Amino acid sequence: TIGDSEASELGTLGGGEDNTVELGTIGDDDDLSSLESKSSFTSRNWSNRFRAAALEAKIAAKMGKLGTDNSPKLKEDGEESDGEYTFESASCFTLELNEQGEPSSSQGVGQDSLPMPDGHVRDEEVPMNNRESTVSLVENSSDDIEVLRNSFLPSLSMRGEDEPNFPNSSNPDGLAVATAVASDDEPDYVFQAVEYDPDAKPPLHKNRRFRVYTYFALFLIFIVFVLVVVYITSMTKEAEVKDNIIRLTSQPTPKATSPPTTFREAQGLIEQLQDGVLLRNENFEDMQVTDPRVMALDWILHEDEQRLVSDSINLYQRYGLAVLAYAMDSKAWFNCGNPGENFTETSCSIYSSVMNQTVDYGVWLSGESECDWFGVKCSGDGIVRSVTLINNNLVGVLPHELTALRFLQMLALAGNCIYGTIPEEIGQLDHLLSLELHENGLSGVMPSTIYQLEKLQLLNLAKQYGVDRVCQQSNGTKIYTNYKHGGFVREFNVGLTGKLGSEVGKWKSMKGMYLSENSFTGEIAEDIGNLRYLTFFHVNDNFIEGNLPASITKLRNLRHLQFHDNFLYTSLPEGIGNMKDLERLSVNGNSMFGKLPEGMYELKKLKSLFLHDTAEANSPWLINDQEGFSGSLSSSVGRLKDLEYLLLNNNPITGEIPSDLGNCTKLKVLRLHRTELKGSMPREVCMLRDKDLNNENGVGVLYADCRPNNRTEEPRVQCDCCTDCCDYTTNVCVQDD
């Protein structure tokens, strides 16, 4: 018996009066969803259970064991039932079976068609046990029905957690009763038993030993692969010559035939050097084989043990140094320049006077790193910063490929036989701090691009003429520095030319400027006063004209100011006393005029004061009769206590020799001849002869006009302590015995 609302869910299960089966009693309002909330069943479990009950009813009908007379009865109210739920009221639900024993359409189902027994209690009024339970259907049956049940029901087993439970014991009333089953009565899950096979083996990929061997084999294959790659890479860096066909010619060709192409050439090494170093739209194909650039390229490709490629970091600098070596005839160098036959020599030993020991260096063009070559210094990252090859018999022309040394800070090639001009590309070495090319045979105009070296602190281009040096090349040819181009042109070398115009003010960091003994012309621009760090300024022995720039007195750090032997026509600026650090002042050999400024005596650090020969009687210095310093020698000269050299000869200075000159106790040379000074040599000055003012070296140190003038007149100065006495008129000086 099932409530009306539940009947609609079950549908038609049977038909016929004789085949009516009573399943049990459930409250009218106890639909499946309410039962689901009171038990652990889901709606699917309920459906399966009713299907099982319907099947049992069908089995009972076919066996003729069930009838309306023995239908199960609902338990009476109040009766005790251990572990069972009892519903007090119910509606009758019947299943009718047709002749074939199958359920027919439902009849009289639903709450409205079923009578409500007296004392019916709704399901919400029925007290429920709070313990979670499971509902089972219990039914009386005979043994033969049990046999059939056991044979049919397994095919209806549910795939959920619970399956229908039909105990063998029957209820006395023959009704299917809902009973409470404790949750701990549920059977434990039992693992499926697997038959053991002693001969069975695990799959190969699960075998531990197989995995170890496999990993080891893969590791060996990887090692072999790496070794092969390394070997192939090293072999490609060798001089791997491609198969080029070189056809023989009956007569020598005008140009050398192209050498076999190496692997590195094919990788663009030549193009890399040609585009990055040759800056004058030049290419290697148009050069002679004796060109230093071609010789350096051939060395890079075939002789250099470094085996550089196109993307090597040091390719440019190593090639640039190789060009310098070939351009300067490294085989003729005094030190570390000749690598020997087949470049076999790699090191050389040079005694260093500074370190007072012998130092080992690498030979140029050897397989050693260029940073180890003699005279080359690099920073920690292997970049060439300095090249110093002073007095090493370098012979040749400066190559413009020096710009390949892009981070060069010092280039010192002084005291050699370098001839020709300074290349325009020198201005591209914008990291250059020191450029020393003095005492060579350079000529031509100093390139204007040199003013682009704004970081330059030391510029020494002095003595490009006047030094008679002879050098010999490795082939025996002699080079003469006092001729242009080393003597290949029979024209006297006058050194570098040009002007110190306003562009000189770009050298904001300049500390030492040495341009003496060249042929610079024109006036010195007032911009020279902007070089506030300038310490040494040597422009003597040139053709500088005009006035001494007044801005020069702004150079408070200046220690040496050498303007002698030029064509200046000027006086000393009054503000010269502001140059407190001045130690050496030489303006001799110019057409100077005017009085000696009083500020000059404030130069307390002054050691050398050369004011002589400003009244020359011969051209080209003779400008007018008023040239030469005039006035008297002030007694303030005694303030110059550090003075060692005072040369005032050949000036129209008048008056007497001040005795305060004796305070200059460090004097070594004092020349006062050919002046208008008269009187006696002060005793204080003569006493200096017992100190440094002596002629121990055989050189006259104290000169005065103490000989009879014009051989007949009285001497202009009376001196019994002078080393040399001169005749003012005849300009003849004789050492005093």
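Residues numbered from 1 in each chain as written. Predicted model: local features only at pLDDT ≥ 70, side-chain atom pairs only at ≥ 80, totals over all residues. Heavy atoms only, no water.

**A short note on the overall build of the protein**
We apply this condition: A run of H or I in DSSP counts as a helix once it spans at least four residues, and a run of E counts as a strand once it spans at least two, with each numbered from the N terminus. By the convention used here, residues are in contact when the closest approach between their heavy atoms is within 4.5 Å. Note on areas: Shrake-Rupley, 1.4 Å probe, and residue coverage restricted to the protein chains presented here.
When helices and strands are counted, the protein shows ten helices and 34 strands. Expressed as a percentage of contacts within the protein between residues at least 6 apart in sequence, the contacts between residues at least 24 apart total 61%. Summed over its atoms, the accessible surface of the protein is roughly 38900 Å², and 48% of this surface lies on carbon and sulfur atoms.

**Considering the state of the cysteines**
Put simply, the rule is: Two cysteine sulfurs form what is called a disulfide whenever their separation falls within 2.5 Å. Summary of the burial criterion: residues with accessible area below 20% of their type's maximum are buried, those above 50% are exposed, and those between are partly exposed, where the area comes from a 1.4 Å probe applied to protein chains only.
Under the defined criterion, the tally for this structure stands at seven disulfides. A sulfur-sulfur separation of 1.8 Å characterises the disulfide bridge that pairs C706 with C725. Taking the sign of the S-S torsion, about -105° here, the bridge from C706 to C725 comes out left-handed. Placement of the pair is C706 in the loop between β31 (702-704) and β32 (717-718) and C725 in strand β33 (residues 724-727), with a sequence separation of 19 residues. Assigned by exposure class, C706 and C725 land together as buried. The side chain of C719 participates in a disulfide bridge whose partner is C722; the two sulfur atoms lie 2.1 Å from each other. Around the S-S axis, the bridge from C719 to C722 shows a dihedral of about 110° and counts as right-handed.

**A closer look at the nonpolar core**
If you look at soluble globular proteins, the nonpolar side chains tend to sit buried side by side. Stated precisely, the cut-off is as follows: Each nonpolar core is a collection of buried residues, namely Ala, Val, Leu, Ile, Met, Phe, Trp, Tyr and Cys, held together in the definition by side-chain atoms within 4.5 Å.
Counting residues in hydrophobic clusters, the biggest one holds 129 residues, and the most contacted among them are W364, V387, W507, M513, F537, F563 and M681. Here this core takes ten residues from helix α9 (residues 315-327), the largest share from any one element. Not counting chain neighbours up to four residues away, the residues in contact with V387 comprise L321, L324, W364, G375, L405, L408, M410, L411, A412 and L413. Of all hydrophobic cores here, the second largest spans five residues; its members include V395, Y419, C471 and I479.

**Digging into helix α7 (residues 269-276)**
It helps to recall that an α-helix has 3.6 residues per turn; residues three or four apart then point in one direction. Note the cut-off: To be clear, the arc concerns the directions from the helix axis to the C-beta atoms.
Every buried residue of α7 is listed here: L269, I270, L273 and G276. For α7, the angular spread of the buried residues around the axis is 155°, confining them to a single face.

**Section: the sheet that holds strand β28 (residues 654-656)**
Heads up, the condition is: Between any two strands, pairing holds if DSSP finds at least two bridges.
Ordered by their spatial adjacency, three strands build an open sheet running β28-β30-β32, and the pairing between neighbours is parallel. The two strands at the open ends of the sheet, each matched to only one other strand, are β28 and β32.

**Concerning the confidence of the model for the protein**
Basically, it comes down to this: pLDDT: the predictor's confidence for each residue, scored from 0 to 100.
Of the residues in the protein, 66% have a pLDDT of 70 or more, and the chain-wide mean is 78. The low-confidence segment residues 65-97 (pLDDT under 50) makes 119 contacts with residues lying over four places distant or belonging to another chain.

**A few points about a positive patch on the surface**
Threshold: Each patch is built from salt-bridge-free residues with over 30% relative accessible area, joining like charges within 9 Å and nonpolar side chains (Val, Leu, Ile, Met, Phe, Trp, Tyr) within 5 Å. Each reported salt bridge corresponds to a side-chain nitrogen of Lys or Arg within 4 Å of a carboxyl oxygen of Asp or Glu. Charge counting follows a simple rule: Lys and Arg are positive, Asp and Glu are negative, and His as well as the terminal groups are ignored. To locate a charge, the coordinates of NZ of Lys, CZ of Arg, CG of Asp or CD of Glu are taken.
On the surface, R556, K580, K604 and K641 cluster together to form a positively charged patch. Among the structural elements, K580 can be located in the loop between β22 (567-568) and β23 (584-586).

**Concerning the packing of aromatic side chains**
Stated formally: Two rings from Phe, Tyr or Trp (for Trp, the six-membered ring) form a pair when their centres are within 6.5 Å of each other. A pair whose planes differ by under 30 degrees is stacked, one over 60 is edge-to-face, and the rest are tilted. Only Lys NZ and Arg CZ are tested; either one counts as a charge over a ring when it is within 6 Å of the ring centre and within 35 degrees of the ring normal.
Within this structure, the stated rule accounts for eleven aromatic pairs. Plain terms: the ring middles of F284 and Y319 are 6.4 Å apart, the flat faces sit at 85° to each other, and that makes the pair edge-to-face. Residue F284 is found in the loop between α7 and α8 (292-303), and its partner Y319 is found in helix α9; the two are separated by 35 residues along the sequence. The buried category is assigned to F284, whose relative accessible area is 9%. Judged by relative accessible area, which is 0%, Y319 ranks as buried. Taken together through their ring pairs, the aromatic side chains of W299, W333, W364 and W373 make up a single cluster. It is R671 that lies over the ring of Y703; its NZ or CZ is 4.8 Å from the centre. The ring centre of Y728 lies 3.7 Å from the NZ or CZ of R716, which sits over that ring.

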